[in-house]
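Residues per chain are reported as follows:
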Amino acid sequence: MTVPVFREFLAQNPDVEIVMVSRNNFESLFADIPNVIFHGIDLDDYKGFLGIRRLGKELLKVYQPDYVADLHDVIRSKILDKIYVRKGLKVFKINKGKEEKENLTDVWNLDKIQLKKTVERYADVFRDMGFKVKLSHQLRPKTSEKSGIGFAPFAQHKGKMLPLEKSFELVKILAEKNTVYFFGGGKKETETLESWEKQIPNTKSLAGKLNLSEELDRISQLEVMISMDSANMHLASIVGTRCVSIWGSTHPYAGFLGFGQSENDVVQINDLTCRPCSVFGDKECFRGDWACLEELNVQQIIEKI
């Protein structure tokens, strides 16, 4: 979700350069943004406190930054923050709004409200540094020639994933008039999607066949992507493709709707007072019946498309 923020921040502040420190495999996400230097790392090379301290020293030596932006605020980055503060650097970190999110996901709280969007929380870090940045919240399509429907039926947690039998039914209907491309990763997901490809005409599984750069390029060419509240929604945002997103125990109120994606393209059960019960979909169902996903019907998704 940082990618569109970087793009618009740097367009408005062209004299700034950002050194993005993250896992090696995310480099493709930032490849086309001017003034971003991507410093990829393998976390196995920097294990424990001593490893993180060594990373901190290496980054200081190579880049000599004017400011440090902690856009993650986890144990590793907290260690780096302390190192940099002791070196006299100004460190600015994201306000995740943890208390607000705990209140939002309290199943007994009936007064659910929209919290600040996560992309605005990222932008706030740069605003705190004194920079001006106004996010457009608009998709930027990479190409005008679009065709086919993308479908990413999987998510990391059960609370974010439409039951597979419903997903299968959805694809059968969509593939009658459209070519449907499957996206996924890992052995089990790949096997499932290859099986669907054999069973449903006019479908093609891309799972396990593309690297991240190729996947982004393919998503950019789609007319629409259908995704759970998952990484694929954000990949669609990066390349300016409209995404119809499906939400279960999570909710756009927590601020994680893809950059530029429309709330009108959100598919969810609106009259369950227990929603959202989780920010990331990693909790067990409070009711025990996963009604937020089981009560979704395929027609709701088709109508959005």
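Residues numbered from 1 in each chain as written. Predicted model: local features only at pLDDT ≥ 70, side-chain atom pairs only at ≥ 80, totals over all residues. Heavy atoms only, no water.

**Student:** Could you clarify how one ought to interpret the state of the cysteines in this entry?
**Tutor:** Covalent bonding between the sulfur atoms of two cysteines is what defines a disulfide. Taken as a whole and assessed by the stated rule, the structure comprises zero disulfides. Distance from the sulfur of Cys274, which forms no disulfide, to the nearest cysteine sulfur (Cys277) is 6.2 Å. For Cys274, a relative accessible area of 14% corresponds to the buried category. (Disulfide = S-S within 2.5 Å. Buried < 20%, exposed > 50% of the residue type's maximum accessible area, 1.4 Å probe, protein only.)

**Student:** Sorry, what's going on with the environment of Leu29 here?
**Tutor:** Residue position: Leu29 is located in the loop between strand E1 (18-23) and strand E2 (36-41). Leu29 has contacts with Val3, Leu212, Leu216, Leu235 and Ile238, leaving out every residue within four places of it along the chain. (Helix = DSSP H or I, 4+ residues; strand = E, 2+ residues; numbered from the N terminus. Contact = heavy atoms within 4.5 Å.)

**Student:** Just to check I follow, could you spell out the pattern of salt bridges for this structure?
**Tutor:** Where charged atoms from two side chains of opposite charge come close, those side chains can pair. Following the criterion strictly, the structure yields 14 salt bridges and no others. When the shortest N-O distance is used, the salt bridge between Lys78 and Asp73 registers 2.8 Å. Lys160 is paired through a salt bridge with Asp229; the nearest N and O atoms lie 3.8 Å apart. Taken together, the residues span a long stretch of sequence, with Lys160 in the loop between strand E5 (149-152) and helix H6 (164-174) and Asp229 in the loop between strand E8 (224-228) and helix H9 (231-238) at a distance of 69 residues. Judged on exposure class, the residue Lys160 and its partner Asp229 are both buried. Sharing partners across several salt bridges, the network here consists of Asp73, Lys78, Asp81 and Lys93. (Salt bridge = Lys/Arg side-chain N within 4 Å of Asp/Glu carboxyl O.)

**Student:** Hey, could you run me through the packing of helix H1 (residues 2-12) against helix H5 (residues 118-128) in this one?
**Tutor:** Helix packing geometry: the angle between the two helix axes and the distance between the axes. It is at 9 Å that the axes of H1 and H5 come closest, and there the two elements cross at 45 degrees. Classified by the interaxial angle, the pair formed by H1 and H5 is oblique. Of the two elements, H1 crosses H5, and the hand of that crossing is right-handed. Judged by residue contacts, Thr2, Val5, Phe6 and Phe9 of H1 engage Val119, Tyr122, Ala123 and Phe126 from H5. Tallied by class, the residues present in the contact of H1 with H5 amount to seven nonpolar, one polar and no charged. (Axes fitted to C-alpha atoms, helices over the stretch in contact; angles between N-to-C directions. Parallel < 35°, antiparallel > 145°, perpendicular 65-115°, else oblique. Left-handed = near helix turned anticlockwise from the far one by under 90°. Nonpolar A, V, L, I, M, F, W, Y, C, P; charged D, E, K, R; others polar.)

**Student:** Can you help me understand the packing of aromatic side chains in this one?
**Tutor:** Any two aromatic rings considered together are summarised by their centre-to-centre distance and by the angle between their planes. Counting across every chain of the model gives 11 aromatic pairs. An angle of 15 degrees between the planes, with centres 4.3 Å apart, marks the rings of Phe9 and Phe126 as stacked. Residue Phe9 is found in helix H1, and its partner Phe126 is found in helix H5; the two are separated by 117 residues along the sequence. For the pair formed by Phe9 and Phe126, the shared burial category is buried. Through a chain of ring-to-ring contacts, three or more aromatic side chains come together here, namely Phe6, Phe9, Phe30, Phe38, Tyr67, Phe92, Phe126 and Phe131. The cationic tip of Arg218 hangs over the ring face of Tyr181; the distance from NZ or CZ to the ring centre is 4.2 Å. (Phe/Tyr/Trp six-rings, centres within 6.5 Å; stacked < 30°, edge-to-face > 60°. Lys NZ or Arg CZ within 6 Å of the ring centre and 35° of its normal.)

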